[in-house]
Amino acid sequence: MSYLDLDELSEEDELLKSEVHRFVEEVVRPASVKLDKMAPEERVKPSSPYFKVLKEMKKLGYHKLHISPNLGGPSLTHLQRYIIMEELGWGSLGLATAIGVDSIPFSSAALIGSEKLMELVSAWMNDTECNFHGCWGVTEPEHGSDYLMIIRDEDYLKFGKGNVKAKKEGGEWVISGQKSAWVSAAPVATHCGLHVQLEEGKSLAEGLFCIVPLDAEGVSRGKPVDMLGMRDCPQGELFFNDVRIPEDYAAVPPGAFYGIFADQLLCLTSCAMGAFSVGLARAAFEEALRYARQRVQGGAPLVKHKNIKLSLYRMFEKVESARYYVRKAMEYTHRKIFEKGTFDASPRHARMAQVYAKRIAYEVADEALQVFGAYGLSKEMIIEKLFRDARALQIEDGTIEVLSLEAADDVIESYEKKYYDADLIARRYPEA
Ligand SMILES: Cc1cc2nc3c(=O)[nH]c(=O)nc-3n(C[C@H](O)[C@H](O)[C@H](O)COP(=O)(O)OP(=O)(O)OC[C@H]3O[C@@H](n4cnc5c(N)ncnc54)[C@H](O)[C@@H]3O)c2cc1C
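What counts, and at which threshold
Residues numbered from 1 in each chain as written. Predicted model: local features only at pLDDT ≥ 70, side-chain atom pairs only at ≥ 80, totals over all residues. Heavy atoms only, no water. Helix = DSSP H or I, 4+ residues; strand = E, 2+ residues; numbered from the N terminus. Rg over C-alpha atoms; globule rule 2.2 N^0.38 Å. Buried < 20%, exposed > 50% of the residue type's maximum accessible area, 1.4 Å probe, protein only. Areas by Shrake-Rupley, 256 points an atom, 1.4 Å probe, with all protein chains shown as cover. Contact = heavy atoms within 4.5 Å. Near = heavy atom within 4 Å. Polar contact = N/O pair within 3.5 Å; in protein donor to acceptor, adjacent residues only side chain to side chain. Domains from an automatic or database assignment. Phe/Tyr/Trp six-rings, centres within 6.5 Å; stacked < 30°, edge-to-face > 60°. Salt bridge = Lys/Arg side-chain N within 4 Å of Asp/Glu carboxyl O.

Novice: Help me understand the overall build of the protein chain in this model?
Specialist: A tally of regular secondary structure across the protein chain gives 13 helices and ten strands. Taken over C-alpha atoms, the radius of gyration comes to 21 Å for the protein chain, in line with the 22 Å a tight globule of 432 residues would show. If one aligns the C-alpha atoms of the protein chain with their principal axes, the spans along those axes are about 80 × 55 × 40 Å. Put simply, the protein chain has 432 residues, and 59% of those count as buried. Working note: accessible area of the protein chain is about 17,600 Å², and carbon and sulfur atoms make up 54% of it.

What follows is the structure, given as structure tokens:
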């Protein structure tokens, strides 16, 4: 199904939309259904459909959606980047997340990293064989939501210390500790964009963001975990035992910039998660619409019954309103970060894009499943998978409650200000 676009798309945009849709329908969706049914250890083998899709995505340049054209990224408008991301979410939340986290270490390094890191970035950009695959190591066994709440909380010492710590020895950082089992793509990644606390630091805020090659001595991985949803993206723990990386692999060295960096990076990931969520919601709505047109009960197709009509309308309303809000928030965020380089995207608006779209994705998947009756609970129907994925979405990349709380603090502090208050963040981290 091809949706009617309220933005008057150019011919080029329309073409892109239909080409990406064809790709996700023919390649991404079938692989994601297969992966969902496979055992965790099978999903990470070199023969897994996971790698086949990742390679295809890299050939199409989808790993570079967070690289601006002047740094070697694709010549796409902000709107075109959104269109691709919504389609990826339509095809598979897990594989969309996989290509999203793939980019985190490298696109962050492209924005703010050293010359040395730019060599790595350029190898990753040109890779179409998945020889380079990134992941994003934030969550730790003792710190999940804390990593989000620390950004704006005055009382930042209350969050305690991190599990993964780094100390400087000569020209190297030495890293030890553990990231939690929920790190997406960790079992298959070659590089991690890692949030680390300073050994001598007093809080999570006193840290750095570095790129760790996962074949470095001292790195080990846990078994891929078995989850309810988003099973098409493998997840697992990362362990660091005196892992040494060159000094200039710290893309964001210790300093006040850490607060701004974490906040702005979250603006980007929030908008991407928002677009993936709209895609997932649209997929669920379209499944329900198709099914309701065919299934006959009470002597008529389901679409003739008033409750089903209203249900379909409610789903449509949610998908459409989420799309245009997330699009706007993404366009604004990308302009601020990639085009102007001012790093003053609005956290409250970006978080809202993520929270609102995640919430409606779950509501729509739930309502769509109800339209299917018992068939909706069957593993034969994709709506069952979409529902599980939508459930995982409420936790992935920050729970919707904690993202809302964090956005609320930004609303309270900065509502009247046109732009993001970087000074305020810097003041929060006097010791960082
Ligand atoms: C599918 C999936 C993919 C993921 N991918 C990655 C990844 O690639 N990299 C990575 O680092 N992490 C990843 N995560 C981890 C994810 O970011 C965390 O699960 C999330 O931030 C929540 O942390 P937690 O699970 O430890 O829950 P907790 O922080 O323990 O929260 C438990 C509950 O308490 C609530 N809560 C917690 N703190 C507060 C507070 N201060 N105030 C009020 N309520 C609070 C939460 O809303 C939640 O309901 C992924 C998770 C999932 C499910």
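From this point, the narrative continues.
Novice: What's the story with the side chain of Lys318 in this structure? I'm lost.
Specialist: Structurally, Lys318 can be placed in helix 9 (residues 306–339). Residue Lys318 is classed as buried on the basis of its relative accessible area, which comes to 18%. Apart from the residues lying within four places of it in its own chain, the contact partners of Lys318 are Ile360, Glu363, Val364 and Glu367.

Novice: What am I meant to see in the site of the ligand here?
Specialist: Surveying the vicinity of the ligand reveals 21 residues, the closest of which are Trp136, Thr139, Ser145, Ser184 and Thr399. Between a nitrogen atom of the ligand and a side-chain N or O atom of Ser184, the distance comes to 2.8 Å. Alone, the ligand offers 980 Å² of accessible surface; in the complex the protein occludes 67% of this. Of the domains in this structure, domain 2 (134–252) and domain 3 (257–428) are the two that each give at least three residues to the shell around the ligand.

Novice: Can you walk me through the packing of aromatic side chains in this structure?
Specialist: In this description, a pair of aromatic rings is defined by centroid distance and the angle of the planes. Applying the stated criterion across every chain, the model contains nine aromatic pairs. Look at Phe209 and Phe261: their rings are 4.8 Å apart centre to centre, the planes differ by 45°, and that puts the pair in the tilted class. In this pair, Phe209 sits in strand 5 (residues 207–213) while Phe261 sits in helix 8 (residues 257–294), placing the two residues 52 residues apart along the sequence. Note on accessibility: Phe209 and Phe261 belong to one class, buried.

Novice: Looking at this structure, how should I read the pattern of salt bridges?
Specialist: For side chains bearing opposite charge, pairing can occur when the charged atoms are close. With the rule as written, the count across this model stands at 38 salt bridges. The shortest N-O distance in the salt bridge between Glu406 and Arg152 comes to 2.6 Å. Residue Glu406 is found in helix 12 (residues 400–414), and its partner Arg152 is found in the loop between helix 7 (146–149) and strand 2 (165–169); the two are separated by 254 residues along the sequence. Neither residue differs from the other here; Glu406 and Arg152 are each classed as buried. The network of salt bridges with common partners includes Asp36, Arg43, Asp226, Arg231, Lys379, Glu384 and Arg388.

Novice: Looking at this model, I keep getting lost on unusual backbone geometry. Mind explaining?
Specialist: Generally, phi is negative for residues other than glycine and the peptide bonds are trans, each holding for most cases. With a phi angle near 55°, Met230 is a residue other than glycine that sits in the positive phi range. Turning to its location among the elements, Met230 is positioned in the loop between strand 6 (219–221) and strand 7 (235–246). The phi torsion at Asp397 lies on the positive side, around 55°, for a residue other than glycine. You can see Asp397 is positioned in the loop between helix 11 (382–393) and helix 12.

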